[in-house]
Amino acid sequence: MFGFPGEIVECIPFGSGHINDTYRLACQTEEGIKRFILQKMNKNVFRNPIELMENIKGVTRWLRRKITENGGDGERETLNVLETRDGRPYYQDSQGEFWRSYLFIENASCFDAVKDENDFYQSAVAFGHFQRLLADYPAETLYETIVDFHNTPDRFRKFQDALKADALGRASQVQEEIRFVLEHEELSRRLYDLQVRGEIPLRVTHNDTKLNNIMIDDATGKAICVIDLDTVMPGLSVNDFGDSIRFGASTGAEDEQDLSKVSCDLHLYELYVKGFIEGCGGALTEIELDMLPMGAILMTFECGMRFLTDYLEGDHYFKIHREGHNLDRCRTQFKLVKDMEEKLPIMQGIVNKYK
Ligand code: ADP
Ligand code: GN1
Ligand code: MG
């Protein structure tokens, strides 16, 4: 097991991630309470947890070194992996499940929606900066933890497979959503084609840049730590940008049932554009900058398509908390895509202001 200090006095489910089972653990030690995150990794999603933890160990070691060199706090500004008593970064239980543990980042919070717009701006700077810190990371040493994770045309094919199989007979009730996906086939290839032609660079990116994957310091309001490093792999900066817009610049929750509440807030979008470009520190190429709005549209489209695929397949990828949850999530994403398609010229104008 992990080398937790003292006596474990509390272990409660924690956070609102869709993938792993997360717990907050408290240990009573002589110096007082010490807290940790304990996570059961989702083995349905992550087929090779050992490789995954190799990635996280490598990336966090790299980040800790850079953070400390820049005068930061390496225990708070990146994840710190706890080792087991026999020196491994994971623990495999008798059922074959893989667990890991991190130092709990105290006096900081994760948000499921933007409460203070400065938090959103700060998260943009931090996600951009994260990419900059990893710009010279040896990308060839990273395992691909989920193959074709943001390969949108491949996601499209997987959607078509799910539709063909229609395992639960749900397709007939979601014809409008299915039509929406099919109408967007050509668009779904836009970024992929640029990448294949080498017109847009592969970088080491986070690939899951939701607002609740960043911790905001309670005292200073600064985004201090990028978390959820399961999908750090070579990817596109515009996708990191786009995923943050998808989640954080929406006026409604990802699973809002009243679609009239869902649209892209252009003020929040602008704050994020400004922060992300600053955080990337001039590293983005002209084409990447021009493609930022397309990243927002495509990440939202891809995510909606993934929710719909999971709905058709019987909800075994994303955790659901009610009947039809993935369908509700899919609908908010498609509503956002429609809204952003209409706002595209304005979104491009905003990027031009800051590039
Ligand atoms: P998932 O992949 O399921 O989203 P995350 O790694 O994002 O899992 O963790 C889920 C939640 O747990 C986060 O949104 C955050 O609230 C909390 N969390 C994760 N790691 C830490 C940490 N080191 N310190 C404090 N809270 C954390
Ligand atoms: C998942 O793990 P979490 O909840 O931060 C998913 C993302 C989706 C997101 C949708 C590994 O993110 O790709 O965009 O849900 N993560 C994985 O909310 O599939
Ligand atoms: Mg998460």
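As the structure is a computational prediction, the values presented were derived from the model and not from experiment.

A.B. asks: Even after reading the chapter, I still don't get the pairing of strand 3 (residues 32-40), so can you show me in this structure?
C.D. replies: Moving residue by residue along a regular strand, the side chains alternate between the two faces of the sheet. In this sheet, strand 3 lies alongside strand 2 (residues 21-29) in antiparallel orientation, the contact comprising 9 bridges. Looking at the pairing, Gln28 lines up with Ile33 of strand 3. The turn linking strand 2 back onto strand 3 is made up of 2 residues. As judged from the 5 bridges shared by strand 3 and strand 5 (residues 98-103), these two strands associate in the antiparallel manner. Residue pairing across strands places Ile37 opposite Tyr102, the latter belonging to strand 5.

A.B. asks: Explain the environment of Ala296 to me, please; I cannot follow it from the model alone.
C.D. replies: Secondary-structure assignment places Ala296 in helix 8 (residues 286-313). Overall, Ala296 belongs to the buried group, its relative accessible area being 0%. In this structure, Ala296 is in contact with Phe241, Gly242, Ile245, Met340 and Met347, ignoring residues within four places of it in sequence.

A.B. asks: How do you make sense of the site of ligand 2 when you look at a structure like this?
C.D. replies: Taken together, 18 residues lie near ligand 2, and His18, Lys210, Glu254, Arg306 and Tyr317 sit nearest. The side chain of Lys210 places a nitrogen or oxygen atom 2.8 Å from an oxygen atom of ligand 2. Within the contact set of ligand 2, an oxygen atom lies 2.8 Å away from a side-chain nitrogen or oxygen of Arg306. In the complex, 98% of the free accessible area of ligand 2, which totals 440 Å², lies under the protein chains. In terms of residues, the shell around ligand 2 owes the most to one element, helix 8, which gives 3 residues. Split into classes, the residues belonging to the shell around ligand 2 amount to 8 nonpolar, 4 polar and 6 charged. Split by domain, the residues of the shell around ligand 2 number at least three in each of domain 1 (7-106) and domain 2 (117-354).

A.B. asks: Would you mind showing me how to read the domain arrangement of the chain here?
C.D. replies: Many structure descriptions define interface size as the accessible area lost when the parts assemble. Looking at the assigned domains, one finds that the chain contains domain 1 (7-106) and domain 2 (117-354). A straight line from the C-alpha centre of domain 1 to that of domain 2 covers 25 Å. At the junction of the two partners, domain 1 supplies 28 residues and domain 2 supplies 30 residues. For the pair domain 1 and domain 2, the summed buried surface comes to about 2600 Å²; carbon and sulfur atoms form 61% of the total. Linking domain 1 with domain 2 are 4 salt bridges. Across the contact surface, domain 1 and domain 2 share 13 residue pairs in polar contact (both at pLDDT 80 or more). A total of 11 residues in the side of domain 1 that touches domain 2 trace back to one element, the largest contributor, which is helix 1 (residues 49-69).

Each value, and the rule that gives it
- Residues numbered from 1 in each chain as written.
- Chains lettered and ligands numbered in written order.
- Predicted model: local features only at pLDDT ≥ 70, side-chain atom pairs only at ≥ 80, totals over all residues.
- Heavy atoms only, no water.
- Pairing = 2+ DSSP bridges.
- Helix = DSSP H or I, 4+ residues; strand = E, 2+ residues; numbered from the N terminus.
- Buried < 20%, exposed > 50% of the residue type's maximum accessible area, 1.4 Å probe, protein only.
- Contact = heavy atoms within 4.5 Å.
- Near = heavy atom within 4 Å.
- Polar contact = N/O pair within 3.5 Å; in protein donor to acceptor, adjacent residues only side chain to side chain.
- Areas by Shrake-Rupley, 256 points an atom, 1.4 Å probe, with all protein chains shown as cover.
- Nonpolar A, V, L, I, M, F, W, Y, C, P; charged D, E, K, R; others polar.
- Domains from an automatic or database assignment.
- Buried area = accessible area lost by both parts, 1.4 Å probe.
- Salt bridge = Lys/Arg side-chain N within 4 Å of Asp/Glu carboxyl O.

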